[in-house]
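Results of the structural survey
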Amino acid sequence: MNSTNPQRPRVLFVDDEPRILLALKAIFRPYYEVHTSGDGQSAIELMRAHEFDVIVSDQRMPVMSGTEVLRWARKLRPRAIRILLTGYSDLNATVDAINEGEVFRFVAKPWNNQQLRDTVAAAVTASAVEEAPELDAESAMPAPEEAAPSTVGVLVLEPDQGTREALNKALSGDHPVYCASALDEGLGLLARHRIGVIVTELLADGEDLGNALGALRQYDPSLVAIVLTDQADAQRAIGLINQSQVYRL
């Protein structure tokens, strides 16, 4: 490991192949404080001992998979942004990584060096946003003349009326729920209401919503997308994370 420099972002790479760890260290040491681990258990010990801005793990490792490592990372270092390196397409592992490890990006092995640099840089930037200090309770209180912000709502985009009604009933409570059967109707609701979460099928009126979700996330990065599907495949799920930045599948 290189010497500690608290002003440099701290990145942990986890891979059971020493040559890959050497390569990753060579690529990233000029920019970050790089830590490496050859197995999941030692990675967990490093997480217990150090804060990390970004954690990058290989998926296929003996004893403990990358998904399990990132699940621990979410528990021990929730502020750290998590990236999974994967050289094969396994749907269950991919969905677990999305839903349990809250993976920021998937990177295919063998990786493209520039793509990997760009992905880690984006993760470092996201980590800095996560680290922004919260206001204390007194300073967070609005001034008397300020109106309280409206409650953030949930948009359900679902073509089937029965499913739409069931989701509306299940989600109603602390937040207003707005329902749409088609993309155009959903966009109209987004324009008129303060919405923070979209719950949607992958297809609406035969239209694939993956690209639309990606565009909406670029327009409003705070928007959280949850996709309901019974037709997922690993490559499609990876695309939903890397291009559409889906939060749950």
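Quantities reported herein were computed from a predicted structural model and do not represent experimental measurements. (Residues numbered from 1 in each chain as written. Predicted model: local features only at pLDDT ≥ 70, side-chain atom pairs only at ≥ 80, totals over all residues. Heavy atoms only, no water.)

1. Focus on the overall build of the protein chain
Note the threshold: Only runs of H or I of at least four residues qualify as helices and only runs of E of at least two qualify as strands under DSSP, and these elements are numbered from the N terminus. Only the protein chains shown count as cover for residues, and all accessible areas are computed by the Shrake-Rupley method using a 1.4 Å probe.
On a plain count of helices and strands, the protein chain comes out with ten helices and eleven strands. Counting only carbon and sulfur atoms, one obtains 51% of the accessible surface of the protein chain, whose full area is about 13400 Å².

2. Description of the environment of Asn-112
Cut-off, in case you're wondering: N or O atoms closer than or at 3.5 Å make up a polar contact, with two conditions inside protein: a donor-capable atom paired with an acceptor-capable one, and, for residues adjacent in sequence, both atoms drawn from side chains.
With respect to the helices and strands, Asn-112 occurs in the loop between β5 (105-108) and α5 (113-130). Reaching out from Asn-112, the side chain makes a polar contact with the backbone nitrogen of Gln-115 at a distance of 2.8 Å.

3. Considering the nonpolar core
Note the following rule: The set of buried Ala, Val, Leu, Ile, Met, Phe, Trp, Tyr and Cys residues whose side-chain atoms join them within 4.5 Å is what this entry labels a nonpolar core. Relative accessibility thresholds used throughout: buried, under 20% of the residue-type maximum; exposed, over 50%; partly exposed, between the two (1.4 Å probe, protein chains only).
Within the largest apolar cluster, 21 residues are counted, with the highest numbers of intra-cluster contacts made by Phe-13, Phe-28, Val-56, Ile-83, Trp-111, Leu-116 and Val-120. Those elements that place two or more of their residues in this core are β1 (10-14), α1 (18-28), β3 (54-58), β4 (81-86) and α5. Ala-43, Met-61, Ala-73 and Ala-80 belong to the second-largest nonpolar core, a separate cluster that totals 17 residues.

4. With respect to the sheet that holds strand β6 (residues 153-157)
Rules: DSSP calls a pair of strands paired once it identifies at least 2 bridges connecting them. Axis definition: a line fit to C-alpha positions, over the contact stretch in the case of helices; interaxial angles, taken between N-to-C directions, run 0 to 180 degrees.
Taken in spatial order, the four strands line up as β7-β6-β8-β11 in an open sheet, and their pairing is parallel. Edge positions in the sheet fall to β7 (177-180) and β11 (224-228), since each of these pairs with one other strand and no more. Taken pair by pair, the neighbouring strands of this sheet meet at an average axis angle of 20°, ignoring direction. Where strand β8 (residues 195-201) lies against β11, five bridges are found, and the strand directions are parallel. The partner of Val-199 across the bridge, within β11, is Ile-226.

5. Some thoughts on the packing of aromatic side chains
Counted only if it meets this: Any pair of Phe, Tyr and Trp rings, taking the six-membered ring for Trp, is counted once the centres come within 6.5 Å. Such a pair is stacked with planes under 30 degrees apart, edge-to-face with planes over 60 apart, and tilted for the rest.
Here the structure, examined in full by the defined rule, presents three aromatic pairs. Here Phe-13 and Phe-28 contribute two aromatic rings whose centre-to-centre distance is 5.1 Å and whose plane-to-plane angle is 35°, an arrangement assigned as tilted. Of this pair, Phe-13 sits in strand β1 while Phe-28 is found in helix α1, placing the two residues 15 residues apart along the sequence. The pair formed by Phe-13 and Phe-28 is uniform in burial state, with each residue classed as buried. An aromatic cluster of at least three residues, connected via ring pairs, comprises Phe-13, Phe-28, Tyr-31 and Tyr-32.

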